[in-house]
Amino acid sequence: MKPDFKIPYDGNLKWLVPRTILYVAHGSRAYGTHRPDSDMDFKGVTVPPRVYRDGFRLKFEQAEIQKAPLGVENLWYLEQQGMPSEWVTEPVDAVIFGIQKFFKLAADCNPNIIEVLWADPADILVSSEAGERLLDIRVDFLSRKVVHRFRGYAMAQLKRIKTHRRWLLTPPLNEPKRAGMGLPETTLIPQDQLAAADAAVRKQLDSWEIDYGELPESEKVYVREQMHRYLTEIEVGSDEKYMAAARTLGLDENFIELMHRERMYKNARTMWKQYQDWKKHRNPARAALEAKHGYDTKHGLHLVRLMRMCRETLVTGKVYVRRPDADELLAIRDGNWSYDKLMEWAEVQDVELLELSRTSPLPKAPNYKVLDRVCQEMVQSFDKTPVK
């Protein structure tokens, strides 16, 4: 029988721990891709007292507990993870969600949340009777939303890989200046007028969006991707669409050109700040791998993991958190895949995932009726417990 596991205590919320129904290991230790010095990450679900739901003054969505020692009573977990006993006071990073927010995110197939319900039994550290019931209905949370949630997270990793590679190979050398964009030191048009014009242009762009009606979300994703590929092929980018929308509104060409330059300057400033922040906070060991292999291999690991988990879930209707391909994923992190191989693989997978989403046995939407009923029943059962 698993020893009693103590959730890190948050003294500001005395009810948090006794009302937590599920608490699991998360991140690399749940995937099986951790190293001895990997972080300790946990996620959980709690049922807040009525005072946080019925009134307007107090609100609870989630509690983030950081730098809280696990304590000697949880030494067994450190030993299970192969960590030295002297690390018993190492900080943890735990997030405990209110049950209603958790249900909402899980029904949306948020990868970081849905994984909580499919954690390996060895990583389920606390599970009350209500927690077991939550695990019993985990299939009801799954739907074809998986494709645009997992794939969306994967695309975010891909974007970071490409951005960091660009910074690595051709780093920006100088801080952007207005003169470099052909702009005077102070804008010729008041900021409020520029902001109003920008808002009007964006509204016009929104009006050009396709009305998908009752089309399932997975089909919307597919159509958007096809449109994006088409526009890319005919070399119509976001700047071209933005300027076309401005012309549709009848704005003066000189004004449109000025808006374009202001946008370029703003984007360049944002990118410069992001680059400086990236340089300042880079992990030395991770930076060495990135310099050696030409891209951020940790992001590469997560890109492959997310796409594979998406495929597995679409095909099998199950989420495999404990990775059967952990060794290969760690090899990717160590630079076993070249940048070109990763890009080619991701491009093929991206197309295949969109196709799979159209034929997946998963339902188009989660079982909202069951989920809502169970959520209500759980909350009502805890309402019988006096609030302390």
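Residues numbered from 1 in each chain as written. Predicted model: local features only at pLDDT ≥ 70, side-chain atom pairs only at ≥ 80, totals over all residues. Heavy atoms only, no water.

### Some details on the state of the cysteines
Then comes step 1: Enumeration according to the criterion identifies zero disulfides in this entry.
Then comes step 2: A disulfide-free cysteine, C310 has its sulfur positioned 9.5 Å from the sulfur of C109, the nearest such atom.
Then comes step 3: Accessibility expressed as a relative area gives 0% for C310, which makes it buried. (Disulfide = S-S within 2.5 Å. Buried < 20%, exposed > 50% of the residue type's maximum accessible area, 1.4 Å probe, protein only.)

### Concerning the sheet that holds strand 5 (residues 124–127)
Then comes step 1: Taken together, five strands build an open sheet; the order of strands is 3-4-2-1-5 and the sheet is mixed. Each edge of the sheet is formed by a strand with only one pairing partner; in this case those strands are strand 3 (62–66) and strand 5. Between one strand axis and the next, the sheet turns by 15° as a mean value, whatever way the strands run. (Pairing = 2+ DSSP bridges. Helix = DSSP H or I, 4+ residues; strand = E, 2+ residues; numbered from the N terminus. Axes fitted to C-alpha atoms, helices over the stretch in contact; angles between N-to-C directions.)

### Overview of the layout of surface pockets
Then comes step 1: Approximately 1000 Å³ is the volume attributed to the largest pocket.
Then comes step 2: Forming the walls of the largest pocket are 33 residues, and the residues nearest its centre are D39, D41, R286, K298 and H302.
Then comes step 3: Taken together, the elements giving at least two residues each to the lining of the largest pocket come down to helix 1 (28–31), strand 2 (41–46), strand 4 (93–98), helix 5 (111–117), helix 7 (145–169), helix 12 (284–293) and helix 13 (297–316).
Then comes step 4: For the lining of the largest pocket, the element with the most residues is helix 13, which contributes six residues.
Then comes step 5: Class assignment for the residues of the lining of the largest pocket results in ten nonpolar, ten polar and 13 charged. (1 Å grid on protein atoms, 1.4 Å probe; cavity = no way out; pocket = protein on both sides within 12 Å on 5 of 7 lines; lining within 4 Å. Points joined across faces, edges and corners; volume = space filled by probe spheres on them. Nonpolar A, V, L, I, M, F, W, Y, C, P; charged D, E, K, R; others polar.)

It is worth stressing that arrangement in space is one thing and function is another; only the former is reported here.
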